[in-house]
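Below are the chains, spelled out letter by letter.
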Amino acid sequence: MRQMTPIMQECVGVLMEKIAQKAQTEEDFDISEMYQGLTTDVIGQTAFGIQTNVQQNPKDPFLTNCRAFFNIQTSEFFIFLLLCFPEFYNILYPIRKLVDVIWHQIFSTPGRSLVEGVMKVIEERRKNPALRRVDLLQMMLDARMTKEEIQNVTAKQLTVGEDEPAEGAYNGKKESFKDDKKQMKFITDVEIKANCFLFLLAGYETTSTALAFTTHILVNRQDVQERIREEINDVLGHDGDLDYNTVNNLRYLDQVFSESLRMYPPVVTFITRAACEDYQLGDFKIPKGTAIQVPVWQLHHDPKIWPEPYEFKPERFLPENKKDIHPMAYQPFGSGPRNCGDIQYKVKLITIGPVNGVHVKVVPV
Ligand code: HEM
């Protein structure tokens, strides 16, 4: 991910230029939309391998197709039904698939255009090694594992993050992973395509929302903004540049982001699991197979866990306080083996953005 920093920095550079232009002309603008442009460019360029230009060109075909593709999704309604009535999965899932297929046959060319676009890039890169680039798509194209390597992958290695898995918690998962992977030695084209869409779906709105809320906090907290600015100037004075490594020295900014993600977690309904066995949780019996949704907002605003939960207090994430936070009490990126992969990448992405952003002073109007 470190190698992809230049792509991200270039995209952030475009954003900064646009903000500077708007500031000069004193024109009103919606920062949230600008962040969406930023994250679409980053994901388009790193995951789809396409030279997008969404930030400069609001009619960029990648953006138009993405918007059209997401707008015509019929899935949300069915996902909602499936979450509420998992016992009807066997009936609801095929209906949802059928409706999706018919809907897309009638209305959708955007989805197809995106798929065709990514297939074209895959084909060209395979034919011409000179077109190799350091991005997520290339990593997927290159991904290969021998049977032996697959056998030795542990559930622990699949778990990104600092929280330790509970003892014995993933035994079932580990076995099924091994079984699944025995037949799969490399990522197939279908899986590459599916992953591209997953990155788009999972990355574009979440990251831009996190950036927008953090900006909202900074606008209202000039003192916080000033402290971040001082920290950045210190790091710039010492290290000369902000990159994947030096950004780690921005400790206060890191605390500000962590607190922003606590107060305004961008994902509040999609951390879901199914109980793999009967479980007694205090007075509650959770039967095997129960669908469970983690109440992220409630967890992040529970006064028993976070005193004065509606107050912005980045010091909650000072190292001496952070060590006492229960890993399950703070879940902006989920938890366990299906958490948001490579947290570092996301944190760097959202950090590098406003890091440059605080060169611009944002004030309330
Ligand atoms: C601030 C930004 C982001 C937040 C808050 C966030 C949050 C989350 C959450 C809560 C989950 C569900 C985890 C779970 O069930 O335990 C998730 C999953 C995921 N996220 Fe993110 N995400 C962010 C950015 C991104 C980006 C930039 C990408 C990729 C480009 C991404 C890719 C994924 C993927 C692929 C999954 C599914 C993982 C799996 O099911 O194994 N996310 N994310």
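Everything here concerns the structure above.
Since this is a predicted model, take the numbers as computed values, not measurements.

## Some details on the coordination of the iron atom of the ligand
Just one protein atom donates to the iron atom of the ligand; it is Cys340 (SG), sitting 2.3 Å from the metal. Summarising the element assignment, cysteine 340 is placed in the loop between α15 (319-322) and α16 (343-357).

## Section: the packing of helix α2 (residues 31-46) against helix α11 (residues 189-220)
Put simply, α2 and α11 touch, their axes get as near as 8 Å, and they point 145° apart. Note on packing geometry: the crossing formed by α2 with α11 is right-handed. Of the residues in α11, those touching α2 at Ser32, Tyr35, Gln36, Leu38, Thr39, Thr40 and Ile43 are Phe199, Leu200, Gly203, Tyr204, Glu205, Thr207, Ser208, Leu211, Ala212 and Thr215. For the contact of α2 with α11, the per-class residue count stands at 8 nonpolar, 8 polar and 1 charged.

## Some details on the packing of aromatic side chains
Applying the stated criterion across every chain, the model contains 8 aromatic pairs. A centroid spacing of 5.8 Å and a plane angle of 75° characterise the contact between phenylalanine 48 and phenylalanine 197, whose relative ring orientation is edge-to-face. Highlighted residues: phenylalanine 48 in the loop between α2 and α3 (61-71) and phenylalanine 197 in helix α11, separated in sequence by 149 residues. Of the residues examined, phenylalanine 48 reaches a relative accessible area of 0% and is grouped as buried. Between phenylalanine 317 and tyrosine 330, the aromatic rings sit 5.0 Å apart at their centres with planes inclined by 55°, giving tilted as the arrangement. Placement of phenylalanine 317 in the loop between α14 (296-300) and α15 and of tyrosine 330 in the loop between α15 and α16 is noted, with a sequence separation of 13 residues between them. You'll find phenylalanine 317 and tyrosine 330 in the same group, each marked buried. One aromatic cluster in this structure is built from Phe48, Phe62 and Phe197. The ring of tyrosine 252 is capped by arginine 227, whose NZ or CZ atom sits 3.8 Å from the centre of that ring.

## Quick look at the nonpolar core
Counting residues in each nonpolar core, the largest one holds 60 residues, and the members touching the most others are Leu38, Leu137, Ile228 and Leu250. Among the elements that take part in this core, α11 stands out by supplying 10 residues, more than any other. Not counting residues within four places of it along the chain, the set of residues in contact with leucine 38 comprises Cys11, Val12, Leu15, Gln55 and Leu211.

## What to know about α11
For an α-helix the count is 3.6 residues per turn, leaving residues at separations of three or four pointing the same way. An ideal rise of 1.5 Å per residue puts 46 Å on 32 residues; α11 measures up with 47 Å between its terminal C-alpha atoms. Its axis deflected by about 25° at glycine 203, α11 carries its strongest bend there.

## A few points about the packing of α11 against helix α13 (residues 251-263)
The interhelical angle for the contact between α11 and α13, taken along N-to-C directions, is 110°, at an axis separation of 10 Å. The angle between α11 and α13 falls in the class roughly perpendicular. For the pair formed by α11 and α13, the contact residues are Ala210, Phe213, Thr214 and Ile217 on the first element and Val256, Phe257, Ser260 and Leu261 on the second. In terms of residue class, the contact of α11 with α13 is built from 6 nonpolar, 2 polar and no charged.

Conventions used here
- Residues numbered from 1 in each chain as written.
- Predicted model: local features only at pLDDT ≥ 70, side-chain atom pairs only at ≥ 80, totals over all residues.
- Heavy atoms only, no water.
- Donors = N, O, S within 2.8 Å, 3.2 Å for Na, K, Ca; no water.
- Helix = DSSP H or I, 4+ residues; strand = E, 2+ residues; numbered from the N terminus.
- Axes fitted to C-alpha atoms, helices over the stretch in contact; angles between N-to-C directions.
- Left-handed = near helix turned anticlockwise from the far one by under 90°.
- Contact = heavy atoms within 4.5 Å.
- Nonpolar A, V, L, I, M, F, W, Y, C, P; charged D, E, K, R; others polar.
- Phe/Tyr/Trp six-rings, centres within 6.5 Å; stacked < 30°, edge-to-face > 60°.
- Buried < 20%, exposed > 50% of the residue type's maximum accessible area, 1.4 Å probe, protein only.
- Lys NZ or Arg CZ within 6 Å of the ring centre and 35° of its normal.
- Core = buried A, V, L, I, M, F, W, Y, C linked by side-chain atoms within 4.5 Å.
- Expected span 1.5 Å × (residues − 1).
- Bend = angle between axes of the 7 residues up to and from the residue.
- Parallel < 35°, antiparallel > 145°, perpendicular 65-115°, else oblique.

Note that every value here comes from positions in space, so none of it alone points to a role or purpose.
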